[in-house]
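One letter stands for each residue in the lines below.
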Amino acid sequence: MLLQVRGLCKRFGGVQAVRDLDLDVGEREIFGLLGPNGSGKTTVFNLVAGVLPADAGEIRFRGVLLNALPPHRRAALGVARTFQLVRSLARMTVTDNVAVGRLYGTSPARSVDGARREAAQLLDLVGLADKAGLPAGSLNLAERRRLEVARALATRPRLLLLDEPFAGLNADEVEAEVRLFHRLREEGLTLILVEHNVPAVRALCDRVAFLNSGEKIAEGRPDDVLSHPRVVEVYLGRPGG
Amino acid sequence: MRPALLVALAVLACALPWVAGEAVVNWGLLVLLQVVVAQSWNLLAGYGGQVNLGHAAFFGIGALVTRSLWMGGVPVAAALAAGAVAAAVAGLGIGLPSLRLRGPYFAIGTLAMSEILRIVVATTLPEVSALPADLIAGYRLLPRYYLVLALAAVSTGTVWLVARSRFGMGLVAIREDEWVAETVGVDSYRHKLAALLVSAALAGGAGGAFGYYHLSFYPQFAFSPVWTFDAVLMVFLGGIGTVWGPPIGAAFFVLLREALALRLTELHVLVFGAVFVVVVLALPGGLVDLLGVLRRVRGSRPQPA
């Protein structure tokens, strides 16, 4: 098991956002976290990424307890993430955005020049090679999403956390992203995504967990979970009559 | 900066005492001193994105420690080193609590600490420190000029090295987006603290040189916020976050101030305020970017038929 979550709890004031959650994600799995707004899936994401401290429970990555580790230590262990609202290092060049990842992370490059060279390869992978010298702030949304992926990959992670990677993309862009993620899995990466885009999830995920009010109410293959009666009820409401 | 130009400037700076009179050398020393203060501030603010409004505290501590030790008989090199180290220790004391603060709170916190220090110095130390007769008799301008020149070279060289290093990339990433930097593995607290310590040490060195330079010395003045805000002005004028911006800004600033102060006395401050606003609005990249801006403006003008 690459990632093991046991008994994870998080409350914000009066709201129990995550309630006693267990998750197992194996190597090279593409795992989806689904649920309506307020279900706690983003909170789970942030707990695994190290943005929020857990109230209770354990998060183990390759056997290492992540709970007390800040984000930069998790990155050094091999956990990378992207952001729901894309964040770039706007005034740095596209190359340097990725090169920073190559200089920190799990197996840092030996020099800034070396990092930039390796960054160029990653830009090729995500199809941004022609924008290499431009400031990152000048890219459009889809390009900045791909830049975020390249930057995350630059840290040579084992686990990639993707926060709504398909939000704001048109059908063609979604298809290209799905192909990219499949390719990343073939190269040995494990992916966990929080996502609302159901067709993308069906096309991409091996397994999904469906959360509601902080609890997991279904887990399994996307088709099975999405046709689970409780999931249908939560997503679409009780059937009439 | 083209290597030939750099060499020419270096030669001119080294040869200045042989080709110009004492007044010019004094002026040159003051410009170079400002270069050190400006570069040290530029390191933390331009590359690290942390606006330290209490920078004068480091200058003042360096001045106080260096001058006291030197007047007590310690050789000036050791006294200067001690001043820089003292300033760095102060940086640790200021940085450890305040670097946890985000954005404007860091600026406010550092300004407050610097002002507290200034007031403590003003109320506890004698208002002026005058050199004893033997040190006055042995006073020479030349070694002081070369000392400050060396510090200007060291501070500019430090910024140049940082800018092309892994540490510098991490700093700039923190400046652009601290969350993103953390996400890719940058320990932002440690990076900011390291930048603060280097910035403090360089400013302390400048302060030490200042303490060594002045015959009569007002301790309170070395802690005056004018050292911080002049540095801020020079850095923005020249180009924040660049290697050559601060020196260009320092030269421009001191020149302009000498030219204006004579004719306008207090009004020259008003002119500086206006210049600052114009630069920030119209030339955010600073004077180093002037050529680039002119090229862009020319390129966008419609060509005659």
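For the structure itself, look to the data block above.
Residues numbered from 1 in each chain as written. Chains lettered and ligands numbered in written order. Predicted model: local features only at pLDDT ≥ 70, side-chain atom pairs only at ≥ 80, totals over all residues. Heavy atoms only, no water.

Draft legend 1. Focus on the sheet that holds strand E9 (residues 207–212) of chain A. Residue and element names in this part refer to chain A. Reading across the sheet, the six strands line up as E6-E7-E8-E3-E9-E10 and stay open at both edges, with mixed pairing between neighbours. At either end of the open sheet lies a strand with only one pairing partner, and these are strand E6 (79–81) and strand E10 (215–220). On average, each strand axis in the sheet is inclined to that of its neighbour by 20 degrees, with strand direction left out of account. In terms of strand pairing, strand E3 (residues 30–34) meets E9 through four bridges, oriented parallel. In the strand pairing of E9, Phe 31 is matched with Arg 207. (Pairing = 2+ DSSP bridges. Helix = DSSP H or I, 4+ residues; strand = E, 2+ residues; numbered from the N terminus. Axes fitted to C-alpha atoms, helices over the stretch in contact; angles between N-to-C directions.)

Draft legend 2. Representation of the environment of A:Leu8 within the structure. Residues and elements named next belong to chain A. Within the secondary structure, Leu 8 sits in strand E1 (residues 3–12). Each C-alpha atom, one on Leu 8 and one on Lys 131, is 41 Å from the other, the two residues being 123 residues apart in sequence. For Leu 8, the contacting residues outside a window of four places in its chain are Val 18, Arg 19, Asp 20, Leu 21, Leu 47, Ala 54, Ala 56, Gly 57 and Ile 59. (Contact = heavy atoms within 4.5 Å.)

Draft legend 3. Quick peek at the packing of aromatic side chains. Inspection of the entire model under this criterion finds 12 aromatic pairs over all chains. With a centroid separation of 5.9 Å and an interplanar angle of 65 degrees, the aromatic rings of B:Phe210 and B:Phe217 are classed as edge-to-face. The pair B:Phe210 / B:Phe217 is uniform in exposure class, with both members buried. Cation over ring: A:Arg81 sits above A:Phe83, and NZ or CZ is 4.1 Å from the ring centre. (Phe/Tyr/Trp six-rings, centres within 6.5 Å; stacked < 30°, edge-to-face > 60°. Buried < 20%, exposed > 50% of the residue type's maximum accessible area, 1.4 Å probe, protein only. Lys NZ or Arg CZ within 6 Å of the ring centre and 35° of its normal.)

Draft legend 4. Quick peek at helix H5 (residues 104–124) of chain B. All names here are of chain B. An ideal rise of 1.5 Å per residue puts 30 Å on 21 residues; H5 measures up with 30 Å between its terminal C-alpha atoms. Regarding H5, the residues found buried are Phe 106, Ala 107, Gly 109, Thr 110, Ser 114, Arg 118 and Val 121. Buried residues along H5 sit in contact with helix H2 (22–47), helix H3 (56–71), helix H4 (76–98) and helix H11 (219–222). (Expected span 1.5 Å × (residues − 1).)

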